[in-house]
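# Examination of the molecular architecture
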Amino acid sequence: MTEFTGRKMAIVMVSFFGVIIAVNFLMAYKAVSTFPGLEVKNSYVASQQFDTIRAGQQNLNWTMTPDYDATDRRLYLAFTDADGQPAQLSDLSVLIGRSTAARDDQTPDFTYAAHLWTTPIDLEPGKWLLRVEARAADGTLFSQRVSIMVKG
């Protein structure tokens, strides 16, 4: 049986803490390298407009309902007004991606048919985040983030 010396103890301790430090550096690198970026360039300026934008969106009283058909590989968005009628949009922009990484981000072009906005898109199974921005005919911004789950 070999003797457990101070040198062996030092090797065990350095190895133990070396693994912990290496894992911490790897996790920090992954967190920074997959971060999609800033939400706004200047949060103070954005906060000054927040109440005005929120009030305008509340006055629209729109509801947006997403639906993904995995068989046809199509995403459908239904916009309705306070009376349950299709809302009239003058502009639509949608960013579809994962919550944790920007590499899967897509901004597809939607077409309007049968009171639905639709686009062909191939989404892998899992959770997807939709960042929807639409404008009413009078220019009022409607903005919503919603998650959808695509089953495999």
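Up top is the structure.
Residues numbered from 1 in each chain as written. Predicted model: local features only at pLDDT ≥ 70, side-chain atom pairs only at ≥ 80, totals over all residues. Heavy atoms only, no water.

### Comments concerning the sheet that holds strand β1 (residues 63–69)
- Taken together, four strands build an open sheet; the order of strands is β1-β2-β5-β4 and the sheet is antiparallel. Two strands lie at the open edges of the sheet, namely β1 and β4 (111–113), each paired on one side alone. Looking at each pair of strands side by side, their axes are set apart by 30° on average, direction ignored. (Pairing = 2+ DSSP bridges. Helix = DSSP H or I, 4+ residues; strand = E, 2+ residues; numbered from the N terminus. Axes fitted to C-alpha atoms, helices over the stretch in contact; angles between N-to-C directions.)

### As for the pattern of salt bridges
- For the structure on display, the rule yields three salt bridges.
- With a closest N to O distance of 3.1 Å, Arg54 and Asp51 form a salt bridge. On the criterion of helical spacing, the pair formed by Arg54 and Asp51 is a turn pair, its members being three residues apart in helix α2 (residues 43–60).
- Between Arg73 and Asp122 there is a salt bridge, with the nearest N and O atoms lying 2.5 Å from each other. Taken together, the positions of Arg73 in the loop between β1 and β2 (74–80) and Asp122 in the loop between β5 (116–120) and β6 (126–136) put the pair 49 residues apart, joining distant regions of the chain.
- A relative accessible area of 40% means that Arg73 is categorised as partly exposed.
- The exposure class of Asp122 is partly exposed, given its relative accessible area of 42%. (Salt bridge = Lys/Arg side-chain N within 4 Å of Asp/Glu carboxyl O. Buried < 20%, exposed > 50% of the residue type's maximum accessible area, 1.4 Å probe, protein only.)

### As for the side chain of Thr118
- Locating Thr118 in the fold gives a position in strand β5.
- There is a polar contact of 3.1 Å between the side chain of Thr118 and the side chain of Arg74.
- Engagement of the side chain of Thr118 in a polar contact is seen with the backbone oxygen of Leu75, the distance being 3.3 Å.
- Other than its neighbours up to four places away in sequence, Thr118 contacts Arg74, Leu75, Tyr76, Asp109, Phe110 and Thr111. (Polar contact = N/O pair within 3.5 Å; in protein donor to acceptor, adjacent residues only side chain to side chain. Contact = heavy atoms within 4.5 Å.)

### A few points about the nonpolar core
- Within the largest apolar cluster, 25 residues are counted, with the highest numbers of intra-cluster contacts made by Trp62, Leu77, Phe79 and Leu92.
- Listing elements by their share of this core, those giving two or more residues are β1, β2, β3 (89–97), β6 and β7 (141–150).
- The biggest single contributor to this core is β6, with five residues.
- Setting aside chain neighbours within four positions, we find Leu92 in contact with Leu77, Phe79, Phe110, Trp117, Val132, Glu133 and Ala134. (Core = buried A, V, L, I, M, F, W, Y, C linked by side-chain atoms within 4.5 Å.)

### Considerations on the environment of Arg131
- Considering the arrangement of structural elements, one finds Arg131 in strand β6.
- Counting along the chain gives 13 residues from Arg131 to Gln144, while the straight-line C-alpha distance between them is 6.1 Å.

### Focus on the pairing of β7
- Both β6 and β7 contribute to a ladder of ten bridges, which runs antiparallel. Its bridge partner being in β7, Leu129 is matched across the sheet by Ser147.
- Here β6 folds back onto β7 in antiparallel fashion, the turn holding four residues, of which Gly139 has a positive phi close to 95°.

### Describing the packing of aromatic side chains
- Counting across every chain of the model gives five aromatic pairs.
- Taken together, a centroid distance of 5.1 Å and an interplanar angle of 80° make the contact between Phe16 and Phe17 edge-to-face.
- Seen from their ring centres, Phe79 and Phe142 are 5.9 Å apart, and the 80° between their planes marks the pair as edge-to-face. Of this pair, Phe79 sits in strand β2 while Phe142 sits in strand β7, placing them 63 residues apart in sequence. A single burial state applies to Phe79 and to Phe142, both of which are buried.
- In textbook terms, an aromatic cluster arises when at least three aromatic residues are bridged by ring pairs, as seen for Trp62, Phe79 and Phe142.
- The side chain of Arg98 reaches across the aromatic face of Trp128, ending 4.0 Å from its centre. (Phe/Tyr/Trp six-rings, centres within 6.5 Å; stacked < 30°, edge-to-face > 60°. Lys NZ or Arg CZ within 6 Å of the ring centre and 35° of its normal.)

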